Amino acid sequence: MWNKMNFQDEAAQLINSDFRDLGEAAHKLADHILKLGGLGFGASFFGFFAAVAAIYLLVLDRTNWKTNILTSLLIPYIFFSLPQLVFGIVRGEIGKWIALVTVVLRLFIPKHYSEWMDLPGALVLLVVVAPNVIATTFRENIVGVIVCLVIACYLLQEHIRASGGFKNSFTRANGVSNSVGIILLLVYPIWALIVIIF
């Protein structure tokens with residue numbers, strides 16, 4: 001009996017120690033992010049993860065975990081949250097070639113153009129043909145951040161409604177992965193608004 005109590009005390013102490021270490025690591029990460037580039041680096045960092053989360057949700061919706069939410073809204077979200085480096089590459093010659101192949105496949109060889117290619121093709125076309133005022137000014141502005149925030153809030157609300165409530169959206173197997181992805185979509189615009197305001 002004493003061995004069991006000693007083991008429980010030791011386990012509790014180890015877990016508390018681990019949580020302290022995690023807290024210190026998170027504090028160091030935040031300090032290093034602020035030292036590297038201030039709050040703006042965090043916005044770029046979270047923008048990258050938000051774009052990855054949006055792509056994950058697009059892929060998830062095309063698999064057997066189909067949802068009733070309007071996932072085509074993820075295309076403008078990715079457009080506004082894509083990191084500048086990746087956006088510049090897709091907006092350049094590489095993106096033009098991808099857009100050309102997409103249009104040729106869609107128009108002349110529709111049998112080889114699958115339905116799952118519609119949204120990625122639309123994203124590439126949007127990036128390539130967007131006017132500079134939208135591609136540069138609005139993307140790096142509060143307008144793009146607000147668009148991302150509205151889309152993320154709408155998708156979260158629709159996901160909770162489609163799941164049958166807040167509790168179901170976090171307890172069902174497919175609800176948890178969608179919920180986590182949509183919450184990651186919320187992190188970027190909230191952080192970017194903090195950066196813009198301060």
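See the structure above.
Treat the numbers as computed from the prediction; the structure is a model and nothing was measured.

Enquirer: Could you clarify how one ought to interpret the packing of helix α3 (residues 84–91) against helix α4 (residues 93–108) in this entry?
Expert: When two helices pack together, their arrangement is given by the angle between their axes and by how far apart the axes lie. Contact pair α3 / α4: the axes reach a minimum separation of 4 Å and the direction vectors enclose 55 degrees. By the criterion of interaxial angle, the relationship of α3 to α4 is oblique. Contact residues: α3 offers I89, V90 and R91, while α4 offers E93, I94, G95 and K96. Of the residues belonging to the contact of α3 with α4, the class tally is three nonpolar, one polar and three charged.

Enquirer: Got a minute to help me understand the pattern of salt bridges in this structure?
Expert: Close approach of charged atoms allows side chains with opposite charge to pair. In this structure the tally under the stated criterion is two salt bridges. In this structure, E93 and K96 form a salt bridge, with 3.8 Å as the shortest nitrogen-oxygen distance. Of this pair, E93 and K96 both sit in helix α4, three residues apart, roughly one helical turn. For K96, a relative accessible area of 43% puts it in the partly exposed group. The residue E158 makes a salt bridge to R161 at a minimum N-O spacing of 3.5 Å. In this pair, E158 and R161 are both assigned in helix α7 (residues 142–163), three residues apart and thus about one turn of the helix distant. Classification of E158 by relative accessible area gives buried; the value is 17%.

Enquirer: Just checking my understanding: could you explain helix α5 (residues 118–129) for this structure?
Expert: Given 3.6 residues per helical turn, the α-helix brings residues three or four places apart onto the same face. Between its first and last C-alpha, α5 extends 16 Å over 12 residues, near the 16 Å set by a 1.5 Å rise per residue. Listed as buried for α5 are L119, G121, L123, V124, V127 and V128.

Enquirer: Is there a simple way to think about the environment of Q84 in this case?
Expert: Positionally, Q84 belongs in helix α3. Using a relative accessible area of 42% as the deciding quantity, one classes Q84 as partly exposed. Linking Q84 and G47, residues 37 residues apart in sequence, is a C-alpha distance of 9.7 Å. When neighbours within four sequence positions are excluded, Q84 is seen to be in contact with R139 and E140.

What counts, and where the lines are drawn
- Residues numbered from 1 in each chain as written.
- Predicted model: local features only at pLDDT ≥ 70, side-chain atom pairs only at ≥ 80, totals over all residues.
- Heavy atoms only, no water.
- Axes fitted to C-alpha atoms, helices over the stretch in contact; angles between N-to-C directions.
- Helix = DSSP H or I, 4+ residues; strand = E, 2+ residues; numbered from the N terminus.
- Parallel < 35°, antiparallel > 145°, perpendicular 65-115°, else oblique.
- Contact = heavy atoms within 4.5 Å.
- Nonpolar A, V, L, I, M, F, W, Y, C, P; charged D, E, K, R; others polar.
- Salt bridge = Lys/Arg side-chain N within 4 Å of Asp/Glu carboxyl O.
- Buried < 20%, exposed > 50% of the residue type's maximum accessible area, 1.4 Å probe, protein only.
- Expected span 1.5 Å × (residues − 1).

Geometric values such as these leave the question of function open.
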